Amino acid sequence: MLQSRELSAFRKQLLGWFRQFQRDLPWRRNKDPYRIWLSEIMLQQTRVAAVIPYYERFLERFPDVGTLAEASQQEVLRFWSGLGYYSRGRNLQRAAQQIVAKHNGIFPQTEDDVVALPGIGRYTAAAILSIAFGAKHAVLDGNVARVLARLGAIHGDLREAQRWQGLQKSADDLLDPKSPSDWNQGLMELGAMICTPRSPQCLLCPVAKFCRARQMGLAESLPEKRKTRSRVEITLAAAVLLDARGRTLLLPPPHASRKQATHEEVAALVSKMWHFPTVAVKKNSALELREFLSKLLSVPARDRTLRLEPLSRARHCVTYRDIALLPFRVLVPKLPRISGAKLISLSLLASPSSLAVSNLTRKVARAALADPTFSTALP
Ligand code: SF4
């Protein structure tokens, strides 16, 4: 990408800028691999500002690998609750258990050992090894790829296998072998703060004079847009059963119950966590939910106690899926007994971290609580 003289000037510019202007982020305060690993996992698909409070709370409860490995999965997910993409939390704990079992609780230092841990790919391994241990591994994710594509004026779909390999080679060649930690963080910081997806701030860019896209007037049009997967619309109807004490019923995380009451698609959408009785519907949401409830509760579908009152709709998006959420309130004198189900105060569900539930479930709880007749409706 750059010849040796240019390369050394380029490295000097970027490192100097990073060392002077880097943000003070909680995971930059020491080189503990556990803390760096946790930040890298939480930052996947999630903005820095959203991550910080979760990161601090999680570390307070699970300050090291050992504490995380010993905790129950439900407890870990409770502290992950609200961040989304819950497989990250599950994998994090499985990886902690492997570190304890195979590496005596000490974070491994070879790439092979690190990528063998659940939830850690090549990018995350490179980030942890370079930042925590100063190992010479160049990071490449979407953020860094965007910067490199602009620096080298690279056209086409960056995720296309050969192009991605070329980008990895550029990242490897550019890496400053004397400061892999600051180098990688510098490139990430440039992508996050200056060379942003929309409207890159080229006038403030420390490496503008090396940038081919800027020279060619292409900074805003690179990288080229990828073909995106078309969006799928799904409608879910959820039942908020409510007793006289304001308690509701949640079904267990789908994989934990032997008899699956929850359809596979719904299980994925509730992130395999505690959830309201929910069903994907097509035409008549109330009727289809009533049929689902009658099977779940073993009562006739025409049972007059199953009165479904529609609540305000909500929307939820998960990757390419647009979900229309149709919550229904069902007042009951007594909540039914269902194996593995949990009875919980509805108000506790609306706030983060009371129980490991997905944002979708929390939205349903909030719709029920926000209903103007909530307090007067209790039987
Ligand atoms: S000059 Fe502009 S496009 Fe080039 S790296 Fe800097 S911010 Fe990005």
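Refer to the structure printed above.
Residues numbered from 1 in each chain as written. Predicted model: local features only at pLDDT ≥ 70, side-chain atom pairs only at ≥ 80, totals over all residues. Heavy atoms only, no water.

(A) Structural context of helix H5 (residues 73-80). The set of residues buried in H5 consists of Glu 75, Val 76, Leu 77, Phe 79 and Trp 80. Packing partners of the buried residues in H5 comprise helix H2 (33-42), helix H3 (48-61), helix H4 (65-70) and helix H6 (87-103). (Buried < 20%, exposed > 50% of the residue type's maximum accessible area, 1.4 Å probe, protein only. Helix = DSSP H or I, 4+ residues; strand = E, 2+ residues; numbered from the N terminus. Contact = heavy atoms within 4.5 Å.)

(B) Quick look at the site of the ligand. For the ligand, the full set of nearby residues is Arg 150, Leu 151, Ile 194, Cys 195, Pro 200, Cys 202, Cys 205, Ala 208, Cys 211, Arg 214 and Ala 219. The residue makeup of the shell around the ligand, split by class, is nine nonpolar, no polar and two charged. (Near = heavy atom within 4 Å. Nonpolar A, V, L, I, M, F, W, Y, C, P; charged D, E, K, R; others polar.)

(C) The arrangement of the nonpolar core in detail. Ranked by size, the top nonpolar core spans 43 residues in total, and within it Phe 10, Leu 148, Trp 183, Leu 190 and Val 207 carry the most contacts. Of all the secondary structure elements, the ones that give two or more residues to this core are helix H1 (4-21), helix H8 (122-133), helix H9 (142-151), helix H10 (161-174) and helix H11 (180-193). If we skip the residues at most four places from it in the chain, Val 207 touches Phe 10, Gln 13, Leu 14, Leu 151 and Leu 190. (Core = buried A, V, L, I, M, F, W, Y, C linked by side-chain atoms within 4.5 Å.)

(D) Local environment of the packing of aromatic side chains. Inspection of every chain in the model, using the stated rule, returns eight aromatic pairs. Here the aromatic rings of Trp 27 and Tyr 55 are separated by 5.1 Å at their centres, their planes lie at 80°, and the arrangement is edge-to-face. Here Trp 27 is found in the loop between H1 and H2, whereas its partner Tyr 55 is found in helix H3, with 28 residues between them in sequence. For the pair formed by Trp 27 and Tyr 55, the shared burial category is buried. Here Tyr 34 and Trp 37 contribute two aromatic rings whose centre-to-centre distance is 6.0 Å and whose plane-to-plane angle is 70°, an arrangement assigned as edge-to-face. Of this pair, Tyr 34 and Trp 37 both sit in helix H2, separated by three residues, roughly a single helical turn. On the accessibility criterion, Tyr 34 (3% relative accessible area) is buried. (Phe/Tyr/Trp six-rings, centres within 6.5 Å; stacked < 30°, edge-to-face > 60°.)

(E) Looking closely at the environment of Ile 120. Here Ile 120 lies in the loop between helix H7 (111-115) and H8. Sequence spacing of Ile 120 and Arg 88 is 32 residues, and the spatial spacing of their C-alpha atoms is 9.5 Å. Those residues in contact with Ile 120 that lie beyond four places of it in its chain are Trp 37, Phe 107, Val 114, Val 115, Ala 125 and Ile 128.

(F) Focus on the environment of Val 100. The topology assignment puts Val 100 in helix H6. A relative accessible area of 36% places Val 100 in the partly exposed class. Those residues in contact with Val 100, other than ones at most four positions away along the chain, are Val 65, Gly 66, Ala 69 and Gly 105.

(G) Region of the structure containing the pattern of salt bridges. Within the structure shown, the criterion is met by 15 salt bridges. Glu 75 is the partner of Arg 78 in a salt bridge, and the nearest nitrogen-oxygen pair spans 3.2 Å. Of the two residues, Arg 78 and Glu 75 are both situated in helix H5; the distance of three residues between them amounts to about one turn of the helix. By relative accessible area, which is 19% here, Glu 75 ends up buried. Between Asp 157 and Arg 226 there is a salt bridge, and its shortest N-O distance comes to 3.3 Å. Of this pair, Asp 157 sits in the loop between H9 and H10 while Arg 226 is found in the loop between helix H12 (212-215) and strand S1 (232-242), placing the two residues 69 residues apart along the sequence. On the basis of relative accessibility, which here comes to 29%, the residue Asp 157 falls in the partly exposed class. (Salt bridge = Lys/Arg side-chain N within 4 Å of Asp/Glu carboxyl O.)

(H) Structural detail: the side chain of Ser 130. Structurally, Ser 130 can be placed in helix H8. Residue Ser 130 is classed as buried on the basis of its relative accessible area of 0%. Within the local environment of Ser 130, its side chain forms a polar contact with the backbone oxygen of Ala 126, the two atoms lying 2.8 Å apart. When residues no more than four places from it in sequence are discounted, the contact partners of Ser 130 are Ala 135, His 137, Pro 180, Ser 181 and Asn 184. (Polar contact = N/O pair within 3.5 Å; in protein donor to acceptor, adjacent residues only side chain to side chain.)

(I) Quick peek at the environment of Leu 293. Note that Leu 293 resides in helix H14 (residues 285-297). Each C-alpha atom of the pair Leu 293 and Leu 343 lies 16 Å from the other, and the pair is 50 residues apart in sequence.

(J) Structural context of H8. Taking 1.5 Å of rise per residue, twelve residues should cover 16 Å, and H8 covers 16 Å from first to last C-alpha, within 8% of that figure. Burial runs high along H8: ten of the twelve residues are buried. For H8, the full list of buried residues reads Tyr 123, Thr 124, Ala 125, Ala 126, Ala 127, Ile 128, Leu 129, Ser 130, Ile 131 and Ala 132. Each element contacted by the buried residues of H8 is listed here: H2, H7 and H11. (Expected span 1.5 Å × (residues − 1).)

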